[in-house]
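Structural characterization, general
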Amino acid sequence: HFQMRYSYFPSIPKPIIAAVNGPAAGLGMIMALYCDMRFAADAAVFTTAFSRRGLIAEHGISWLLPKLVGHSVALDLLLSARKVDAAEALRIGLVNRVSPLPQLMDDVRAYAKELAEDVSPRSMAVMKQQLWNVPFQTLGEAIAVANHEMKGSFASEDFKEGVAHFVEKRKARFTGR
């Protein structure tokens, strides 16, 4: 299901971070929701817009939005198509962080740099896949996948590097293998 026109972001092994610096409406909001994380400028505004145009919840937003903000908040946002400012978006779980507009891209780049330099690419890819697939699994299935993936983690070069850099108190040099 993650290979359709607007839903392919979850199939990309690297995290995708949305940087929303203004209005995110309709399809723009959907694209932000398919990202793994959303950082917003304090001036950002979000709206579904569909009901005010005579449309329905398009491109999987009816599946995505309740997972982020809960059923009743998702229904409120879809039915009313009201505008949500950055502060409310943070409070309801629509975005991960809010920054002053001039600082937004610096904050997004700093976070992305931290992931790129300090975190195993292999671990990120596996965890991203686990989280996006969990709505299609039972708890038992999620545990079985985790147990299987853990064996691969223990055999990986990144695990050896993760232990070595911790013990040696140095910066990690992960390879993704």
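Structure: see above.
Residues numbered from 1 in each chain as written. Predicted model: local features only at pLDDT ≥ 70, side-chain atom pairs only at ≥ 80, totals over all residues. Heavy atoms only, no water.

1. What to know about the layout of surface pockets
Of the pockets and cavities examined, the largest pocket occupies roughly 460 Å³. For the largest pocket, the lining is made up of 18 residues, of which Asp 36, Met 37, Lys 128, Leu 131 and Trp 132 are closest to its centre. At the level of secondary structure, the elements contributing two or more residues to the lining of the largest pocket comprise strand 3 (37–41), helix 2 (61–69) and helix 6 (121–133). Ranked by the residues each element gives to the lining of the largest pocket, the list is headed by helix 6, at five residues. Considering only residue class, the lining of the largest pocket consists of 14 nonpolar, no polar and four charged. (1 Å grid on protein atoms, 1.4 Å probe; cavity = no way out; pocket = protein on both sides within 12 Å on 5 of 7 lines; lining within 4 Å. Points joined across faces, edges and corners; volume = space filled by probe spheres on them. Helix = DSSP H or I, 4+ residues; strand = E, 2+ residues; numbered from the N terminus. Nonpolar A, V, L, I, M, F, W, Y, C, P; charged D, E, K, R; others polar.)

2. Examining the sheet that holds strand 3
Judged by pairing direction, the sheet is parallel, and its three strands sit side by side in the order 1-3-6 without closing on themselves. At either end of the open sheet lies a strand with only one pairing partner, and these are strand 1 (17–20) and strand 6 (97–99). Taken pair by pair, the neighbouring strands of this sheet meet at an average axis angle of 20°, ignoring direction. With four bridges joining them, strand 1 and strand 3 adopt parallel strand pairing. Each bridged residue has a counterpart across the sheet, and for Ala 18 the counterpart in strand 3 is Arg 38. (Pairing = 2+ DSSP bridges. Axes fitted to C-alpha atoms, helices over the stretch in contact; angles between N-to-C directions.)

3. Topic: the pairing of strand 3
Most of strand 3 sits inside the fold, with five of its five residues counted as buried. Burial along strand 3 is two-sided: Met 37, Phe 39 and Ala 41 and Arg 38 and Ala 40, pointing in opposite directions, are all buried. Two elements, strand 3 and strand 6, share three bridges in a ladder whose sense is parallel. Directly across from Ala 40, in strand 6, lies its bridge partner Val 98. (Buried < 20%, exposed > 50% of the residue type's maximum accessible area, 1.4 Å probe, protein only.)

4. Concerning the pattern of salt bridges
Pairing between side chains of opposite charge can happen when the charged atoms of each approach one another. Within this structure, the stated rule accounts for ten salt bridges. Across the pair Glu 117 and Lys 113 runs a salt bridge, and its minimum N-O distance is 3.9 Å. Separated by four residues within a single helix, Glu 117 and Lys 113 lie in helix 5 (residues 104–118), roughly one turn from each other. Glu 117 sits in the partly exposed class, given a relative accessible area of 34%. Across the pair Glu 168 and Arg 170 runs a salt bridge whose closest N-O atoms are separated by 2.6 Å. Here Glu 168 falls in the partly exposed class, since its relative accessible area comes to 49%. (Salt bridge = Lys/Arg side-chain N within 4 Å of Asp/Glu carboxyl O.)

5. What about a nonpolar patch on the surface?
On the surface, a nonpolar cluster with roughly 620 Å² of combined accessible area is contributed by Met 150, Phe 154, Phe 159, Val 163, Phe 166 and Val 167. Among the secondary structure elements, those contributing two or more residues to the nonpolar patch are helix 7 (139–154) and helix 8 (157–168). For the nonpolar patch, the element with the highest residue contribution is helix 8, accounting for four residues. Given a relative accessible area of 64%, Phe 166 falls into the exposed group. (Patch = residues over 30% accessible without salt bridge, like charges linked within 9 Å, V, L, I, M, F, W, Y side chains within 5 Å. Areas by Shrake-Rupley, 256 points an atom, 1.4 Å probe, with all protein chains shown as cover.)

6. Here's the deal with the environment of Glu 168
With respect to the secondary-structure elements, Glu 168 resides in helix 8. One polar contact links Glu 168 to Arg 170, side chain to side chain, over a distance of 2.6 Å. (Polar contact = N/O pair within 3.5 Å; in protein donor to acceptor, adjacent residues only side chain to side chain.)

7. A closer look at the sheet that holds strand 4 (residues 45–47)
Reading across from one edge, 2-4-5 is the order of the three strands in this open sheet, with mixed pairing throughout. The open sheet has two free edges, formed respectively by strand 2 (23–25) and strand 5 (84–85), since each of these has just one partner strand. In the sheet, strand 4 pairs with strand 5 via two bridges, with the strands oriented antiparallel. Within the sheet, the bridge partner assigned to Phe 46 lies in strand 5 and is Val 84. In this fold helix 1 (residues 27–34) packs onto strand 2 and strand 4, with an angle of close to 95° to the strand it touches most, strand 2. (Contact = heavy atoms within 4.5 Å.)

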